[in-house]
Each structure stands twice: as C-alpha cells, then as structure tokens.
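# Descriptive structure summary
Chain residues, written in single-letter form:
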Amino acid sequence: MPPKPPKPDEAALYFRLFNEIGIIAQLSASRFQRVLPHDLTVAQFSLLNHCVRLGDGWTPARLAAAFQVTRGTMTSTLGRLESKGFIRIDPDTEDARSKRVFLTKSGRAAREDALKALTPDLADLPAGFTPAEAAAILPTLEKLRIWLDTHR
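Report on the accompanying structure. Quick caveat: nothing in here was measured; it's all calculated off a predicted structure.

The secondary structure content of the protein amounts to seven helices and two strands. In the protein, the succession of helices and strands from N to C terminus is α-α-α-α-β-β-α-α-α. Based on the C-alpha atoms only, the size of the protein along its principal axes is roughly 50 × 50 × 20 Å. Carbon and sulfur atoms make up 60% of the accessible area of the protein, which totals about 10,800 Å². Distance between charge centroids for the protein: 3 Å, based on 21 positive and 17 negative side chains.

Now the structure itself:
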C-alpha cells in the first residue's frame, strides 16, 4: 500500500523546506566555487570529499549512482581528476570489465587545500549563524539526508 500523501499544509511546509535547502545549496556552491584551488569544480571537490569520507575503491558506475549523475558525466569528472593526478583508476581485480577509483596523496592534499581555502570565506558566518545554531540543526539535516538517500 503506497504511503498516504501529505495534507496540503504539510505539502506546503515540505516544499518550503526543500526550497530553502535548494537555495542554500546554490548559494553555498557558488561561494565555494569562487575559492576552490587547483582549478577544481564543486563536482570534482565533491568526489574527492566523498572518497575521503566514505573511502575509495568505488566503481565509476557506483559513484555515478551515488551522485545521481549519468555514467558519462561521472566519466568526465573522473577523467579531469585523473589528469590532475588527484585520483587513479585501476582495473577491478574481481571483475575485469570494471574499474576502481582511488584517491591519490595529491587528491587528498587538494581536498585539504580546498577546505583551507574556504575557511577565510566563512570567518563572518558565526555573526549571522552561530556555531550553536549549526550544531543544533545538523542532526535534523542528517536525518533528512539519510531518509532521502534510503528512499531514492
């Protein structure tokens, strides 16, 4: 039995929530893109960050699914990162038809450089959005992310 649709006022509430998240995502990505080093794009940084957070050794197909992009888009992103020396793509030892993506030392350093580049840009954030407010909202956002991830 499919889930019961939300009431109109609940639907409006959820729309407002996702609208705010979308605007925040757009504004933060634009801000981040301006300071990214090594000619990185936000998509390239996101892939490096993913490898640091969740480990590497993923197949390009699995990465494409995780990022919800086409395989072609992921192949392009991987090619650019490989040409910069930030990842290496090795044959899959278990499946000769597939490949595995691994972060290099340079890739890990590029991710750290990106985080350092963003830090000064965030210096005035606590005046408008305190660390306590950020800490308070994080568990709720993580819960929403997990729900969305498991209900793709």
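For the pair helix α2 (residues 42-54) and helix α3 (residues 60-67), interaxial distance at closest approach is 12 Å and the crossing angle is 110°. By the angle between their directions, the pair α2 and α3 is classed as roughly perpendicular. In this structure, α2 uses S46, L47 and H50 to contact α3, whose residues at the interface are L63, A66 and F67. By residue class, the composition of the contact of α2 with α3 is four nonpolar, two polar and no charged.

Scanning the entire structure with this criterion turns up seven salt bridges. A salt bridge links D149 to R152, with the shortest nitrogen-to-oxygen separation between them at 2.5 Å. A relative accessible area of 40% means that D149 is categorised as partly exposed. Salt bridges here are not isolated pairs; linked through shared partners, they connect R31, D121 and D124.

Parameters and conventions
- Residues numbered from 1 in each chain as written.
- Predicted model: local features only at pLDDT ≥ 70, side-chain atom pairs only at ≥ 80, totals over all residues.
- Heavy atoms only, no water.
- Helix = DSSP H or I, 4+ residues; strand = E, 2+ residues; numbered from the N terminus.
- Areas by Shrake-Rupley, 256 points an atom, 1.4 Å probe, with all protein chains shown as cover.
- Lys, Arg positive; Asp, Glu negative; His and termini not counted.
- Charge placed at Lys NZ, Arg CZ, Asp CG, Glu CD.
- Axes fitted to C-alpha atoms, helices over the stretch in contact; angles between N-to-C directions.
- Parallel < 35°, antiparallel > 145°, perpendicular 65-115°, else oblique.
- Contact = heavy atoms within 4.5 Å.
- Nonpolar A, V, L, I, M, F, W, Y, C, P; charged D, E, K, R; others polar.
- Salt bridge = Lys/Arg side-chain N within 4 Å of Asp/Glu carboxyl O.
- Buried < 20%, exposed > 50% of the residue type's maximum accessible area, 1.4 Å probe, protein only.

Functional significance is not addressed by these values, which are geometric in nature.
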